[in-house]
Amino acid sequence: QNLIPRPKYVAMGTGRIARIHVAKAEGFHSAVFPSFSRSTGPGVPIRLRRWDQLSKTDRAKLPPEAKKLSTDPEAYAIQLRKKDGWMVGGGEHGLQHALATLRQMVQFAEDRGEALPEMTLVDWPDTAIRGAHVCYHAVREWMPYSAPSFDELIRALERFAQCKFNTVLLELEAMFPFQRHPEIPVACAFTPEQIAQIAATCQALRLDLIPLVQCLGHQYYALYHERHADLRETPDTIRQLCPSNPK
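What counts as what
- Residues numbered from 1 in each chain as written.
- Predicted model: local features only at pLDDT ≥ 70, side-chain atom pairs only at ≥ 80, totals over all residues.
- Heavy atoms only, no water.
- Helix = DSSP H or I, 4+ residues; strand = E, 2+ residues; numbered from the N terminus.
- Rg over C-alpha atoms; globule rule 2.2 N^0.38 Å.
- Buried < 20%, exposed > 50% of the residue type's maximum accessible area, 1.4 Å probe, protein only.
- Areas by Shrake-Rupley, 256 points an atom, 1.4 Å probe, with all protein chains shown as cover.
- Lys, Arg positive; Asp, Glu negative; His and termini not counted.
- Charge placed at Lys NZ, Arg CZ, Asp CG, Glu CD.
- Pairing = 2+ DSSP bridges.
- Phe/Tyr/Trp six-rings, centres within 6.5 Å; stacked < 30°, edge-to-face > 60°.
- Axes fitted to C-alpha atoms, helices over the stretch in contact; angles between N-to-C directions.
- Expected span 1.5 Å × (residues − 1).
- Arc of directions from axis to C-beta.
- Contact = heavy atoms within 4.5 Å.

Moving on to the overall build of the protein. Regarding its fold elements, the protein presents 5 helices and 9 strands. Tracing the protein from N to C terminus, the helices and strands come up as β-β-β-α-β-β-α-β-β-α-β-α-β-α. Over its C-alpha trace the protein gives a radius of gyration of 23 Å, far above what one expects of a compact globule, namely 18 Å for 247 residues. Classification of the 247 residues of the protein by burial places 45% in the buried group. Working note: accessible area of the protein is about 13500 Å², and carbon and sulfur atoms make up 55% of it. Put simply, the protein has 30 plus and 27 minus side-chain charges, and the middle of one group is 10 Å from the middle of the other.

What follows is about the pairing of strand β7 (residues 131-135). With burial as the criterion, only one face of β7 is covered, namely that bearing Ala 132 and Val 134; the residues Gly 131, His 133 and Cys 135 on the opposite face remain uncovered. As paired elements, β7 and strand β8 (residues 167-171) share 5 bridges and run parallel to each other. Across the sheet, residue Cys 135 finds its bridge partner in β8, namely Glu 171.

By the definition in use, this model includes 5 aromatic pairs. Centre to centre, the rings of Tyr 136 and Phe 190 are 5.5 Å apart; their planes meet at 80°, and the pair counts as edge-to-face. Of this pair, Tyr 136 sits in the loop between β7 and α3 (150-162) while Phe 190 sits in the loop between β8 and α4 (192-204), placing them 54 residues apart in sequence. Taking relative accessible area as the criterion, Tyr 136 reaches 0% and is therefore assigned buried. Overall, Phe 190 belongs to the buried group, its relative accessible area being 4%. Consider the rings of Phe 160 and Phe 165, whose centres lie 5.5 Å apart with planes at 15°: the pair is stacked.

One open sheet holds the 3 strands; their spatial order is β7-β8-β9, and the pairing between them is parallel. Where the open sheet ends on each side, the last strands, each with one partner, are β7 and β9 (208-211). Strand after strand, the sheet turns through a mean of 20° between neighbouring axes, direction not considered. Across 4 bridges, the pairing between β8 and β9 is parallel. Following the sheet pairing, Thr 167 is matched in β9 by Asp 208.

A separate point is α4. Across its 13 residues, α4 extends 18 Å between first and last C-alpha, which sits within 8% of the 18 Å expected from 1.5 Å per residue. Along α4, the residues classified as buried are Ile 195, Ile 198, Thr 201 and Cys 202. All buried residues of α4 fall inside an arc of 125° around its axis, so they share one side. Those residues of α4 that are exposed and angled more than 90 degrees off the buried face are Glu 193 and Gln 203. The secondary structure elements touched by the buried residues of α4 are α3, β8 and β9. Looking one or two places after α4, you find Arg 206, whose phi comes out positive at around 60°.

As structure tokens, then:
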């Protein structure tokens, strides 16, 4: 009951596992990898497999709910036993979600000074798109506190992946380092190198990055500058572009 979100299927065993070791987890960001202190290996080996890597015999050992892994790349199953354990994902996204769930389990067990329970778990997302909107709307030099810094944004992306999000809608406006219009970025805007790192972090965390680009409205960040005053809907507003302006 302490996992977020609640799994579709859980069967608890009677045994306890003091130490585990996750093997062959290359290609996954450290933010979703289980963070161990007391429960770290050497210990019970936990193997990672995709559904298409399992034999028919291994698939037959899974509960019926695990058939979802054959059609949903984000579905996953976890089994923890005293002698061994495994995590199976419908695809790479599913394996990442399995790691994130195991991370939650380890943190909860260690916070309470307990060993991990034997268990079998199967889960999959209810919705295909699960994301967050990170908004830097109308940020100016004199109000940097109103939006997360670069380091805080990276930590937020890591938390999104830990919560099994798969999408980020990023609204940058004047925080984007426009090269052809250097008057638009604010003094605290991200650098081109930071933009590249944000994109790389999203890719490593398997987060689909969607840039939100304003159209006619919410053009404060550009129309604020007198250089672009001729593009305003009316001379005394910086909210909207004039749709009848041929520019």
